[in-house]
Amino acid sequence: MSIMNNSNYTPSCYANTTTPYRYNAGINNVSYSATFSALGLISNLIAFIVLIKSFRQTKNNSRSFFLILLGGLVVTDFMGLLVTGSFVISFYATLVDWRESDPTCHFCNFMGMSMVFYGLSPLLLGATMATQRFIGINHPFASSSRMTKKRTISMVLMVWFIAGSISLLPLAGFGSYHIQTPGSWCFLNMTPKTSDWSFALLFSLVGLISIATSILLNTVSVVTLFKVYCGAERRQRSRDHEVEMMLQLILIMTISTVCWCPLLIYILMSSLTLPASDDMLLFFIRIATWNQILDPWIYIMIKVCKLRRVTNYMYQNVMAQLKQSLFIPSCPNCELQHACYTSMSVPSVIKTHGCTFAQCCDNNAKP
């Protein structure tokens, strides 16, 4: 008798779990999921355009390397929302039951792989960026001589390779993926089985170690920059662009920590001692997903702040030129002209120096 005709057969991705699956298509609606995914996709697309423009304009090597890593993070977040969002939206739009449409667990395994890959990649990229900035700030000469654009791209590809290799382990028998309530997504299976809890432990430890590495290296880098700005090296080396990069990196680290630590800690505890709850797992997954939406707004808002700062600078220069042309008579030989540049009116300068522009110019014109 075939598998399809055997009513007693339960596919592996629907059986053997401590988080019992409940098909509940009414727990959410397609409009919410579509809006959520569209917001994240548009945000990452705008951020990618901003990064491309910044990359073309920058002439600093360390900043260009950092922008390549940021670009890899944006692409990862965009593709993560696109792939996983497509599954979730299709579920709420068609109300499909995967147990009937995917008896061989192919789609469920792909969904689980996507969740693991697009979950670990941003955390690993955050640790990679923290390492790159740590070396660039504390060992600038070694960083500038060894780091190239090709090597930076290779680092991004290596991160994707590591995350992809981990996500493929269940297909090799180490761990498994299981459909989760309400039936719109699949994720790693947390059971007393050795391979399942070991894979869950591996996933949580890789994520937590990446976050801890980012926190440690970023803290050291910030302390180093603070010492440089307060010390004698401030005049020797311009660090404004490094401060901007560190600000972006700290914000990325903060968002990743807030969004991912609850889920990673929950998986760690569930794999060791506590039984997993499908409601809690779904809640923590939704919190973690916000990381992909909030990340791109860091680059967008910093770019807006930079444009506003440039606009204010240009406005001040234009106003200064207007003050000079409106309130200061043209007198190239007058020694008082430089003193008048910061004045709002001619009488204030005349009162200060006790002479008029005409007298000054007449005196300078005499042989």
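Residues numbered from 1 in each chain as written. Predicted model: local features only at pLDDT ≥ 70, side-chain atom pairs only at ≥ 80, totals over all residues. Heavy atoms only, no water.

*Asks:* How would you summarise the packing of aromatic side chains if you had to cite specific residues and measurements?
*Replies:* Evaluation of the coordinates by the stated rule reveals 10 aromatic pairs. On the numbers, 4.9 Å between centres and 80 degrees between planes, the contact of F117 with Y118 is edge-to-face. The exposure class of F117 is buried, given its relative accessible area of 17%. You can call Y118 buried: its relative accessible area is 15%. Aromatic pair Y266 and F284: ring centres 5.2 Å apart, planes at 50 degrees, arrangement tilted. (Phe/Tyr/Trp six-rings, centres within 6.5 Å; stacked < 30°, edge-to-face > 60°. Buried < 20%, exposed > 50% of the residue type's maximum accessible area, 1.4 Å probe, protein only.)

*Asks:* For the environment of L188, give the residues involved together with the corresponding values.
*Replies:* Take L188: it is sitting in strand 2 (residues 185-188). The class of L188 is buried, set by a relative accessible area of 1%. Here the alpha-carbon distance between L188 and S176, two residues 12 residues apart in the chain, equals 5.9 Å. Ignoring any residue separated from it by four or fewer positions in sequence, one finds L188 in contact with S176, Y177, Q180, F199, A200, F203 and I267. (Helix = DSSP H or I, 4+ residues; strand = E, 2+ residues; numbered from the N terminus. Contact = heavy atoms within 4.5 Å.)

*Asks:* Outline helix 4 (residues 106-138), supporting the account with residue identities and numerical values.
*Replies:* Structurally, the α-helix is built with 3.6 residues per turn, so residues lying three or four positions apart point the same way. Here helix 4 contains 33 residues, and its C-alpha end-to-end distance of 47 Å stays within 8% of the 48 Å for a straight helix at 1.5 Å per residue. Among the 33 residues that make up helix 4, 26 are buried, leaving the element largely enclosed by the rest of the structure. (Expected span 1.5 Å × (residues − 1).)

*Asks:* So what about the nonpolar core? Which residues, and what values?
*Replies:* Counting residues in hydrophobic clusters, the biggest one holds 73 residues, and the most contacted among them are F187, F203, W260 and Y299. Ranked by residue count, the leading element in this core is helix 4, at 14 residues. In this view, F187 contacts M115, V116, S176, Y177, H178, Q180, F203, I267, L281 and I285; residues no more than four positions away in its chain are not counted. (Core = buried A, V, L, I, M, F, W, Y, C linked by side-chain atoms within 4.5 Å.)

*Asks:* Tell me about the state of the cysteines, and name the residues and values.
*Replies:* Overall, the coordinates contain 1 disulfide when judged by the stated rule. Each disulfide pairs two cysteine sulfurs, and for C108 the partner residue is C186, the sulfurs being separated by 2.0 Å. A torsion of -115 degrees about the S-S bond marks the disulfide between C108 and C186 as left-handed. Taken together, the residues C108 in helix 4 and C186 in strand 2 connect sequence positions 78 residues apart. With no disulfide partner, C259 has as its closest neighbouring cysteine sulfur the one in C261, 9.9 Å distant. A relative accessible area of 16% places C261 in the buried class. (Disulfide = S-S within 2.5 Å.)

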